[in-house]
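Working through the structure, step by step
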Amino acid sequence: MLFLLLLGISLLLTIQSHSYHRSKVINSANGITGGVYEKIHSFYEFMNLKSENEGLAAENALLKSLLYNQSDSINKFDQDPLNIENDYVVIQSKVIKNSYSIHENFLTINTGRAKGVKPFMGVVNSKGIVGIVDITSKNYATVVSVLNTKSKINAKIKKSNHFGTLTWNGKNTGFVQLIDIPRLASVKRGDTIVTGAQSVFPENISIGTIHKIYIDTESNLFTMDVKLFNDMTSLGHVYVIENKNREELEELEAQIKDE
Amino acid sequence: MNSTFLTNIFRFILLLAIQVVIFNHFDFLKYINPYPYILFILLYPVNGNRYGLLLASFFLGLFMDMFSDSGGVHAAGCVTLAYFRPAFFKFSFGLSYEYQTVRINDRLTPERFSFLLISVLTHHLILFLLEIFRFSFFWDILLRTFLSSIFTLILCISLIYLFKPVKK
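The present account deals with the structure reproduced in this document.

What counts as what
Residues numbered from 1 in each chain as written. Chains lettered and ligands numbered in written order. Predicted model: local features only at pLDDT ≥ 70, side-chain atom pairs only at ≥ 80, totals over all residues. Heavy atoms only, no water. Pairing = 2+ DSSP bridges. Helix = DSSP H or I, 4+ residues; strand = E, 2+ residues; numbered from the N terminus. Axes fitted to C-alpha atoms, helices over the stretch in contact; angles between N-to-C directions. 1 Å grid on protein atoms, 1.4 Å probe; cavity = no way out; pocket = protein on both sides within 12 Å on 5 of 7 lines; lining within 4 Å. Points joined across faces, edges and corners; volume = space filled by probe spheres on them. Nonpolar A, V, L, I, M, F, W, Y, C, P; charged D, E, K, R; others polar. Expected span 1.5 Å × (residues − 1). Contact = heavy atoms within 4.5 Å. Parallel < 35°, antiparallel > 145°, perpendicular 65-115°, else oblique. Left-handed = near helix turned anticlockwise from the far one by under 90°. Buried < 20%, exposed > 50% of the residue type's maximum accessible area, 1.4 Å probe, protein only. Buried area = accessible area lost by both parts, 1.4 Å probe. Polar contact = N/O pair within 3.5 Å; in protein donor to acceptor, adjacent residues only side chain to side chain.

All names here are of chain A. Pairing in this closed barrel of six strands is antiparallel, and the strands run 6-7-8-11-10-9 around the ring. On average, each strand axis in the sheet is tilted by 40 degrees relative to the strand beside it, whichever way the strands run. With three bridges connecting them, strand 9 (residues 192–195) and strand 10 (residues 206–215) associate as antiparallel partners. Paired with Thr192 across the two strands is Thr209, which belongs to strand 10.

When its volume is computed, the largest pocket comes out at roughly 1,100 Å³. The biggest single contributor to the lining of the largest pocket is helix 3 (residues 49–68) of chain A, with seven residues.

Take the sheet that holds strand 5 (residues 141–148) of chain A next. The strands making up a sheet associate through hydrogen bonds between their backbones, and the pairing can be parallel or antiparallel. All names here are of chain A. Spatially, six strands are ordered 1-2-5-4-3-12 in a closed barrel, and the strand pairing comes out antiparallel. Mean inter-strand twist for the sheet, computed between neighbouring axes without regard to direction, equals 45 degrees. Relative to strand 4 (residues 129–136), strand 3 (residues 122–124) runs antiparallel, the two being bridged by three bridges. Its bridge partner being in strand 4, Val124 is matched across the sheet by Ile129.

Our focus in this paragraph is empty space enclosed by the protein. This model, assessed by the stated rule, comprises three cavities of 30 Å³ or more. By volume, the largest cavity is sized at about 80 Å³. A per-class count over the lining of the largest cavity returns three nonpolar, four polar and three charged.

Taking 1.5 Å per residue as the helical rise, helix 2 (residues 31–47) of chain A with its 17 residues ought to reach 24 Å, and the 25 Å between its terminal C-alpha atoms agrees with that figure. Buried residues belonging to helix 2 of chain A abut strand 1 (88–97) of chain A together with helix 1 (3–21) and helix 3 (50–68) of chain B.

Here the focus is the packing of helix 1 (residues 2–18) of chain A against helix 4 (residues 73–93) of chain B. Where helix 1 of chain A meets helix 4 of chain B, the closest approach of the two axes is 8 Å, and the angle between their N-to-C directions is 160 degrees. Classified by the interaxial angle, the pair formed by helix 1 of chain A and helix 4 of chain B is roughly antiparallel. Pair helix 1 of chain A / helix 4 of chain B crosses with left-handed handedness. Contact residues: helix 1 of chain A offers Phe3, Leu6, Leu7, Ser10, Leu11 and Thr14 of chain A, while helix 4 of chain B offers Val73, Ala75, Ala76, Val79, Thr80 and Tyr83 of chain B.

Residues and elements named next belong to chain A. Within strand 4, eight of the eight residues are buried, which leaves it mostly tucked inside the rest of the structure. Connecting the antiparallel pair strand 3 and strand 4 is a turn made up of four residues. Strand direction decides the pairing type here: strand 4 and strand 5, joined by five bridges, are antiparallel. Looking at the pairing, Thr136 lines up with Ala141 of strand 5. Linkage of strand 4 to strand 5, two consecutive antiparallel strands, is achieved through a turn of four residues.

A word on the interface of chain A and chain B. Counting from both sides, the interface comprises 37 residues of chain A and, opposite them, 34 residues of chain B. If you sort the residues of chain A by the area they bury against chain B, Phe3, Ile26 and His103 of chain A come out on top, with a joint share of 20%. Applying the counting rule to chain A against chain B returns six residue pairs in polar contact (both at pLDDT 80 or more). Those elements that place two or more of their residues in the side of chain A that touches chain B are helix 1, helix 2 and strand 2 (104–109) of chain A. The greatest single-element share of the side of chain A that touches chain B, amounting to 12 residues, is contributed by helix 1 of chain A. Here the residues of the side of chain A that touches chain B are counted per class, giving 16 nonpolar, 17 polar and four charged.

The following block contains the structure:
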């Protein structure tokens, strides 16, 4: 009897975890697991100081070059996650637990409600997108990685502005899939994919390049393998982005659906 | 409070800790992880309290789930393994087995190996079945179960040898 009860509880938790809005109890954003991961991370961080510093220096150089080359104020920065135009608030954070070996991967970051992190905020780093905040506690938050088969992110082809949805088929940590691109879109290998209309993420944050194009047999739309700019197996400093207009945008979109 | 009880608590914490700190970062070929923490269930005294084992396994799995954000998959795998453990004993050590004399943490014999193998395979199959949760990934589930089982088995045997009680 006890066996059936315990098995029942675990199956319930499992099924809950497979829906996008997950169990609020069993997650790594709580004080115990967050604290343990923080400790482990501080060790790994020390080991990776050099490459982290190089990454940050490279990003600084890129930002400086954008700053110096800005010829007139109408031109806005293109691929810059730090571009704050008051609509966006950027919170600096660090990944303390990374996961990429299973189908539904979650990261844990070391900022939480206390620093203003809320669910559905976007997480990016210097190379591109990382994921979307899922559950927050006081000092920690879990992030739905782009390497999660449940993840759905609005993305577009930079050149032609064709929109699609970014998903992951659970196979390779270096590639994600862009689906539902209309057949009339002219695409070719090597084109850049960026985030689409601003909602969770600001527009035009880089994601990756098209690696392979094929036609979906069911929907007859294009599906593409996108090679990520980011190495999702090695993440350090990240930025959590809050879009202050997101709720307004979503309200508006919900109104359209109701009518 | 006897020493077996304390040994088990110590084993619970130690195995959980090394699993989280070391083995979860194994990531061989980017996705293969061994799970030697189930040694706790395998090494639990043969004549120990069954309900105690079920409850302990459940919480062991639940802690693993907490650390790896996986809902209840580890808990389900551990509870199932704990429940079927006596049956596996019977299968591996024959019908004439005497509960009191079976020891897992001793020299590796074919019986012990088959017990470890069946247990690890059962746990991993349930684990990956629930974790992936889609039948379209059937071969992927089998592949992961198979590869992870090999690593877990090797690690389990090495850990048993490492911490083998001193011969008197």
